[in-house]
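An overview of the molecular structure
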Amino acid sequence: MSNLIIVESPTKIKTIKRYLSDDYEVVASKGHVRDLPKSKLGVDIDNNFEPKYVNIKDKEGVIKDIKKLAKKSDHVYLAGDPDREGEAISWHLALLLGLDLNDKNRVTFNELTETGIKAGMSHPRSIDINLVNAQQARRILDRLVGYKLSPFLWRKIRKGLSAGRVQSVAVKMICDRENEIRAFVSQEYWSIDGKFSANGERKTFAAKLNTVDGEKPELKNKEQADEILKRLEGAEFVIDKVKKSVHRKSPAAPFTTSTLQQEASRRLSFQARRTMKTAQELYEGVEINDMGQTGLITYMRTDSLRISDEARAAAYDFIRKKYGDKYIPDTPKKYKTKGNAQDAHEAIRPTHPEVTPDMVKASGVTSDQYKLYKLIWERFIASQMSNCLMDTVSVDISANGCNFKATGYSVKFDGFTVLYEEAKDDEGEKKNVLPPIKSGDSIKVRNLEENQHFTQPPARYTEATLVKAFEETGIGRPSTYVPTITTIINRNYVERDGKQLKPTSLGEVTNQLMSEHFDKIVDVKFTANMEKSLDEVENGKKSWVKTLQDFYSDFDEELTEAEEAMDGKRIKVPDEETDQVCELCGKPMVIKIGRYGKFMACSGFPECKNTKKIVQETGGICPYCGKKVLLKKSKKGKKYYGCEDNPECKFMTWDVPTEEKCPKCGSTLFQKGGKNGILICHKPDCGYERNLSNGG
């Protein structure tokens, strides 16, 4: 008896084979083997949107090998990933191999462990055609938008542009936020903050002015703040009210795809793509001491918060041994999955809760794998622990009709916080320790201070906050977050400014055109409703052909109207001005966006055709030849630093140039390993370095 299992990724093969007998052969399709053709639409619109799939060109060898193995096997099992894409890949393989679609030959693994693999193999099913149709509908929708809209953008803006159903909405969200920032008018306001001490104590605590004559004060300028301070001169400050309570702080839920990407961005500064690449590696299996090749986490594309009883029991066992019974809640923690979530999988969790991050680190995994596993493991274990209990105190202080409020807390029982607390975009105020005080006590004011503030515009999106917005508005699904962000950056519609995402001039012009002529395509609610329609197709409640018909009839009409409205018109992408001068003709240089990104060009074009690469100087001096050190990017977009005289001068480094000079030789010092790393001199034969964490 011989059995063939076809998975998507080659890295899964070793993990799966560990837990099955020699009767099983495992081979990888390396993703999709069939798709719509690249050179044409590939969809017969007039014949119920029938797709014209072709074998992917560079997969011919893979298909040939799989067919050969399948012919020699008694049973073929299709083990694509447990989602829409995996179901579609399995369906395409079944058609290529001539398998009966009604046979129970589809297996899925929620985790690549002995339990997960054997559970999957013992419950084969037939291919879920509703899942396949949901994937087909999405693929065809995206093809229709891309192939119909992109040529329109070529004619009206610039050749080589592309449009996408979800990416266009993402660009609009980023452009809308940028417009909000530009339109924002900052308002001045003032606050009054006090430092107080009680019962003769020297230690002070902070309190803020809360009300004046029972109303919230609006202090718009210094004069109004001065009036309050004058009113409080010589006033007696008395404790008006003391309210004590116990606050129960609950742990955050285990991770979904969205929350994992957000938290990895906040805590680890991982871009979403890096997070998902590392999570894929942890899911597919890494080598662990005494365990061999093991899948360390459950499937990482999920918006479910469900946890299996077995996983909960394993977490409790670890918590009991490590922290004691009091850290296990009286009733199991239940986290409610959002209404539109796909609940086919569990939340992202460690497959073996007893395998600690230290054990994983000791096995020699990569730094990224360790960091992300630690994050997932701590979040899951903490999610199953007792609440943190905090004794909170709220104090009202009165003086001449003015009320100041102070709040503080102390931890009564640390609960889950002994292990993990969720990071916040805004960490809020620091802990304020209040002395023992009671109502009616007179207290001493040590200092009253007026402070000027200005209202701040909304912040630009970061990858973390954009993914959160996708999830909250229902745009896309866990599998589309990373491709969407990657696409809009690679196509130069959006660029990174540190962690922030901002639109380029090309992105703004394209978004303006799309908003004026294809308002449905860039409408958040319309796109979210389309996602709901795809979910209904997946659940067998809606026809995929009807879904496409409903979309295309309106889209085709919009396209025709746009062609008529824009007949003979073309939109210019504005150039970005610089302070540099063309060395050939003396005219100002401008920054343009081309097919391969930004470049510098003479504003005198077409008379002067001078162009050059954009260079970003760092202020550092090359330790080899003394010329400038520039910030550069590798082909994969990773930042590094190199000499401006490359390739003649071979100096390059990942270390960041600083303003400091080497005390031994005077060369630029470079920072290695972050804020607690070292300062190092790269001058040959110098050897100077200094530890940053202890200053010497």
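Residues numbered from 1 in each chain as written. Predicted model: local features only at pLDDT ≥ 70, side-chain atom pairs only at ≥ 80, totals over all residues. Heavy atoms only, no water.

1. A short note on the sheet that holds strand 21 (residues 611–612)
A sheet is described by the order of its strands in space; here 4 strands give the open sequence 18-19-20-21, paired in antiparallel fashion. The open sheet has two edge strands with one neighbour each: strand 18 (576–581) and strand 21. Two elements, strand 18 and strand 19 (residues 588–594), share 3 bridges in a ladder whose sense is antiparallel. Across the sheet, Glu577 pairs through a bridge with Val590, a residue of strand 19. (Pairing = 2+ DSSP bridges. Helix = DSSP H or I, 4+ residues; strand = E, 2+ residues; numbered from the N terminus.)

2. Overview of the pattern of salt bridges
On inspection of all chains with the given rule, the structure shows 51 salt bridges. Here Asp226 ties to Lys222 by a salt bridge, and the two come within 3.2 Å at their closest N and O atoms. Of this pair, Asp226 and Lys222 both sit in helix 7 (residues 222–231), 4 residues apart, roughly one helical turn. With relative accessibility at 37%, the residue Lys222 sits in the partly exposed group. Residues Asp645 and Lys627 are paired through a salt bridge, measuring 3.4 Å at the closest nitrogen-oxygen approach. Here Lys627 lies in the loop between strand 22 (616–621) and strand 23 (628–633) and Asp645 lies in the loop between strand 24 (639–643) and strand 25 (652–653), a separation of 18 residues in the sequence. Its relative accessible area of 24% is what places Asp645 among the partly exposed residues. A relative accessible area of 38% means that Lys627 is categorised as partly exposed. Connected through shared salt-bridge partners, Arg84, Arg477, Asp535 and Glu538 make up one network. (Salt bridge = Lys/Arg side-chain N within 4 Å of Asp/Glu carboxyl O. Buried < 20%, exposed > 50% of the residue type's maximum accessible area, 1.4 Å probe, protein only.)

3. Points about the UniProt feature "domain: Toprim" (unreviewed entry) in the protein
Listed under "domain: Toprim" (unreviewed entry) in the UniProt record, and renumbered for this structure, are residues 2–112. Split by type, residues 2–112 is 32% helix and 20% strand. Its first and last C-alpha atoms lie 22 Å apart. (UniProt positions renumbered as here; feature names shortened; annotations may be inferred.)

4. Focus on the nonpolar core
One finds Ile6, Leu149, Phe152, Leu153 and Phe518 to be the most contacted residues of the largest nonpolar core, which totals 76 residues. With 10 residues, helix 5 (residues 129–156) is the single largest residue contributor to this core. Among residues more than four places away in sequence, those in contact with Phe518 are Leu149, Phe152, Leu513, Phe555, Glu558, Leu559 and Ala562. With 59 residues, the next largest nonpolar core counts Ala272, Ile297, Phe413 and Phe416 among its residues. (Core = buried A, V, L, I, M, F, W, Y, C linked by side-chain atoms within 4.5 Å. Contact = heavy atoms within 4.5 Å.)

5. Quick notes on a negative patch on the surface
A cluster of like negative charges, contributed by Asp556, Glu557, Glu561, Glu564 and Asp567, occupies part of the molecular surface. In this fold, Glu561 is placed in helix 17 (residues 544–565). (Patch = residues over 30% accessible without salt bridge, like charges linked within 9 Å, V, L, I, M, F, W, Y side chains within 5 Å. Areas by Shrake-Rupley, 256 points an atom, 1.4 Å probe, with all protein chains shown as cover. Lys, Arg positive; Asp, Glu negative; His and termini not counted. Charge placed at Lys NZ, Arg CZ, Asp CG, Glu CD.)

6. As for the pairing of strand 22
Of the pairings in the sheet, the one linking strand 22 to strand 23 comprises 3 bridges and is antiparallel in character. Residue Glu617 lies in a different strand from strand 23, and its bridge partner there is Leu630. Taken together, strand 22 and the strand that follows it, strand 23, pair antiparallel across an intervening segment of 6 residues, in which Gly626 is found at a positive phi of about 90 degrees.

7. Topic: the packing of helix 6 (residues 165–183) against helix 16 (residues 524–538)
In contact at an axis separation of 10 Å, helix 6 and helix 16 are set at 145 degrees when each is read in the N-to-C sense. For the pair helix 6 and helix 16, the crossing hand works out as left-handed. Each of Arg165, Val166, Val169 and Met173 in helix 6 lies in contact with helix 16, whose residues at this interface are Val524, Thr527, Met530, Glu531 and Leu534. Taken together, the residues of the contact of helix 6 with helix 16 break down into 6 nonpolar, 1 polar and 2 charged. (Axes fitted to C-alpha atoms, helices over the stretch in contact; angles between N-to-C directions. Left-handed = near helix turned anticlockwise from the far one by under 90°. Nonpolar A, V, L, I, M, F, W, Y, C, P; charged D, E, K, R; others polar.)

8. Structural notes on the packing of aromatic side chains
One pass over the structure, following the stated rule, counts 19 aromatic pairs. Ring plane angle 35 degrees and centroid distance 6.2 Å describe the contact between Phe526 and Phe551, whose orientation is recorded as tilted. Here Phe526, found in helix 16, pairs with Phe551, found in helix 17; they are 25 residues apart in sequence, far enough to count as distant. Here the aromatic cluster, defined as three or more aromatic residues joined through ring pairs, consists of Phe49, Phe152, Phe518, Phe526, Phe551, Tyr552 and Phe555. Directly above the ring of Tyr461 sits Arg177, whose terminal nitrogen or CZ lies 4.2 Å from the centroid. (Phe/Tyr/Trp six-rings, centres within 6.5 Å; stacked < 30°, edge-to-face > 60°. Lys NZ or Arg CZ within 6 Å of the ring centre and 35° of its normal.)

9. Considering the environment of Pro353
For Pro353, the location among the structural elements is in the loop between helix 10 (309–322) and helix 11 (357–362). Classification of Pro353 by relative accessible area gives buried; the value is 2%. Taking C-alpha positions, Pro353 is 7.5 Å from Ile381, a pair spaced 28 residues apart along the chain. Once you skip the residues sitting within four places of it in the chain, Pro353 turns out to touch Ala311, Ala314, Ala315, Phe318, Trp377, Phe380 and Ile381.

10. A few points about helix 5
The first and last C-alpha atoms of helix 5 sit 40 Å apart over 28 residues, in line with the 40 Å expected at 1.5 Å per residue. Where helix 5 bends most, at Leu149, the angle is about 25 degrees, and the proline Pro151 comes one to four residues later. Its side-chain oxygen 3.0 Å from the backbone nitrogen of Asn130, Asp128 forms the N-cap of helix 5. (Expected span 1.5 Å × (residues − 1). Bend = angle between axes of the 7 residues up to and from the residue. Polar contact = N/O pair within 3.5 Å; in protein donor to acceptor, adjacent residues only side chain to side chain.)

11. Some points on the environment of Asn210
Structurally, the position occupied by Asn210 is in strand 9 (residues 205–212). Distance in space between the C-alpha atoms of Asn210 and Ala406 is 9.4 Å, their sequence separation being 196 residues. Beyond its immediate sequence surroundings of up to four residues, Asn210 is in contact with Glu215, Lys216, Pro217, Asn403, Phe404 and Lys405. Of note is the side chain of Asn210, whose polar atom sits 2.6 Å from the side chain of Lys216.

12. Concerning helix 6
Side chains that are three or four residues apart share a direction in an α-helix, a result of its 3.6 residues per turn. The terminal C-alpha atoms of helix 6, which comprises 19 residues, lie 28 Å apart, in line with the 27 Å expected from a rise of 1.5 Å per residue. Residues of helix 6 that are buried include every one of Arg165, Val166, Gln167, Ser168, Val169, Ala170, Val171, Met173, Ile174, Cys175, Arg177 and Glu178, and no others.

13. Section: the sheet that holds strand 22
Across the sheet, which stays open at both edges, the 4 strands sit in the order 22-23-24-25 with antiparallel pairing between neighbours. For this open sheet the edge positions go to strand 22 and strand 25, each flanked by a neighbour on one side alone. The pairing of strand 24 with strand 25 spans 2 bridges and is antiparallel. Along strand 25, the bridge assignment pairs Gly642 with Met652.

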